[in-house]
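Survey of secondary and tertiary structure
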Amino acid sequence: MAFRKKAGHILAHQPDILIVPECEHPDKLKFNNDILLPTDTIWFGENKNKGIGIFSYSNFRFRLMRNHDPELKMIIPIAVTGGYFDFTLYAIWANNPNDPDGQYVEQVWKAIHHYDKKIKNKRTMLIGDFNSNSIWDRKYREGNHSNVVKRLAKKGIFSCYHLHHQQQQGMEQHPTLYLYRHQDKPYHLDYCFASKDMTEKIQSVEIGNYEDWKLYSDHVPVILDFAF
């Protein structure tokens, strides 16, 4: 929320690409003069105060893929070109309160089936707020977090954080959400899954510190550095 007031804090990390869930519409993004403007932007949402924003601060350029299904909220398939290499990016803010099958991870589960033929074992990334963790798996519900992880793994796509920090799903040592901004309510809900050719290029995976980000959001950033 109110990304225009907070952009400087994340832009200090000099991102090439920035994915911002719960981001206001670009029409509302009136930045201060000292804030670097994005070179390309895609935004989706039904509420102009709260959608998902995908920003380039580099030579990368975005094109919405033709197979985009707006009913899968919100998983946005984007062809990324013009940078160090071309790849397919699925920007995610899993949140569809109107879907009787499930509001959160069920959206991701449906998306990885809908986009199955396009989700490949090379140059593919799924990144954002999945609103899920294996600790909330429902035993008799197929579309749970663990099954999402397993299905992506079969395609050669893995969580960058879990690989880099040698973590197990559901036992993460670094939270990405502090519910109601309370330090005693930590959860890991934000992920970057990438194909093996990309994970092999990981230099670092940083999870923001609670003290550094508590004034700006209940989430902390997931920052990935690749060497291509």
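Here we summarise the structure given alongside this text. (Residues numbered from 1 in each chain as written. Predicted model: local features only at pLDDT ≥ 70, side-chain atom pairs only at ≥ 80, totals over all residues. Heavy atoms only, no water.)

1. Details of the sheet that holds strand S7 (residues 124-129)
This is how it is decided: Here a strand pair is declared whenever DSSP counts at least two bridges between the two strands. Numbering of helices and strands runs from the N terminus; a helix is a DSSP stretch of H or I covering at least four residues, while a strand is a stretch of E covering at least two. The axes used here are C-alpha line fits, helices contributing only the stretch in contact, and every angle between their N-to-C directions lies in the interval 0 to 180 degrees.
One open sheet accounts for six strands, arranged S4-S5-S6-S7-S11-S8; its pairing is mixed. Two strands close off the open sheet at either side, each with one partner strand: strand S4 (61-64) and strand S8 (157-159). If you compare each strand with its neighbour and ignore which way they point, the axes differ by 25° on average. Where strand S6 (residues 87-93) and S7 come together, six bridges link them in parallel fashion. Within S7, the residue paired with Leu 89 across the bridge is Met 125.

2. So, the layout of surface pockets
Where we set the bar: Buriedness of a pocket was judged along seven lines, with at least five required to meet protein on both sides within 12 Å; pockets are open sets of points on a 1 Å grid over the protein atoms alone, cavities are sets where a 1.4 Å probe fits but cannot get out, and lining residues have an atom within 4 Å of a point. Grid points are joined across faces, edges and corners, and a volume is the space filled by probe spheres set on the points. Note that Gly is not counted as nonpolar here; it falls among the polar residues with everything else outside the nonpolar set of Ala, Val, Leu, Ile, Met, Phe, Trp, Tyr, Cys and Pro and the charged set of Asp, Glu, Lys and Arg.
Space inside the largest pocket adds up to approximately 1,300 Å³. Together, 47 residues line the largest pocket, and Ile 10, Leu 18, Ile 19, Pro 221 and Val 222 are the ones closest to its centre. Of all elements in the fold, only helix H1 (7-11), strand S1 (17-23), S6, S7, strand S11 (190-195) and strand S13 (222-226) reach the threshold of two or more residues within the lining of the largest pocket. Ranked by residue count, the leading element in the lining of the largest pocket is S1, at seven residues. Along the lines of polarity and charge, the residues of the lining of the largest pocket split into 32 nonpolar, seven polar and eight charged.

3. Comments concerning the side chain of Thr 88
What counts, and what does not: Contact criterion: two residues are considered in contact whenever any of their non-hydrogen atoms come within 4.5 Å of each other.
Among the structural elements, Thr 88 can be located in strand S6. With residues near it in sequence (within four places) discarded, Thr 88 still touches Met 65, Ile 78, Arg 123, Thr 124 and Met 125.

4. Brief notes about helix H3 (residues 145-154)
Heads up, the condition is: The classification of residues rests on relative accessible area computed with a 1.4 Å probe and restricted to protein chains. Under 20% of the type maximum is buried, over 50% is exposed, and intermediate values are partly exposed. This arc is taken over the directions from the axis of the helix to the C-beta atoms.
Turning to H3, its buried residues are His 145, Val 148, Val 149 and Leu 152. The buried residues of H3 occupy one face: seen down the axis, they fall within an arc of 100°. Of the residues in H3, the exposed ones pointing more than 90 degrees away from the buried face are Lys 150 and Lys 154. Of the surrounding secondary structure, the elements contacted by the buried residues of H3 are helix H2 (105-114), S7, S8 and S11. Backbone geometry just after H3 places Gly 156 at a positive phi near 80°.

5. Topic: the sheet that holds strand S2 (residues 40-47)
Strand order in the open sheet formed by three strands is S1-S3-S2, with antiparallel pairing between adjacent strands. Bordering the open sheet on either side are S1 and S2, each of which pairs with just one other strand. Shown here is a sheet whose adjacent strand axes are inclined to one another by a mean of 10°, direction ignored. The pairing of S2 with strand S3 (residues 50-56) spans six bridges and is classified as antiparallel. Residue Phe 44 lies in a different strand from S3, and its bridge partner there is Ile 52.

6. Topic: the environment of Cys 192
For Cys 192, the location among the structural elements is in strand S11. What makes Cys 192 buried here is its relative accessible area of 3%. Filtering out sequence-adjacent residues up to four positions away, Cys 192 remains in contact with Met 125, Leu 126, Ile 127, Phe 158, Ser 159, Cys 160 and Leu 224.

7. Notes on the nonpolar core
Formally: Buried Ala, Val, Leu, Ile, Met, Phe, Trp, Tyr and Cys residues form a nonpolar core when they are joined through side-chain atoms within 4.5 Å.
Formed by 43 residues in total, the largest nonpolar core has its most connected members in Phe 3, Ile 54, Ile 78 and Leu 89. Once you skip the residues sitting within four places of it in the chain, Ile 54 turns out to touch Leu 18, Ile 19, Asp 40, Thr 41, Ile 42, Phe 62, Ile 78, Leu 89 and Ala 91. By size, the runner-up hydrophobic cluster in this structure holds 20 residues, among which are Leu 72, Val 108, Val 148 and Ile 157.

8. Digging into the state of the cysteines
So the rule is basically this: Any two cysteine sulfur atoms lying within 2.5 Å of each other are counted as a disulfide.
Under the definition given, this model contains zero disulfides. In this structure Cys 23 is not part of a disulfide, and its nearest cysteine sulfur, from Cys 192, lies 19 Å away. Free cysteine: Cys 160, not disulfide-bonded; nearest cysteine sulfur from Cys 192 at 3.8 Å. Overall, Cys 160 belongs to the buried group, its relative accessible area being 0%.

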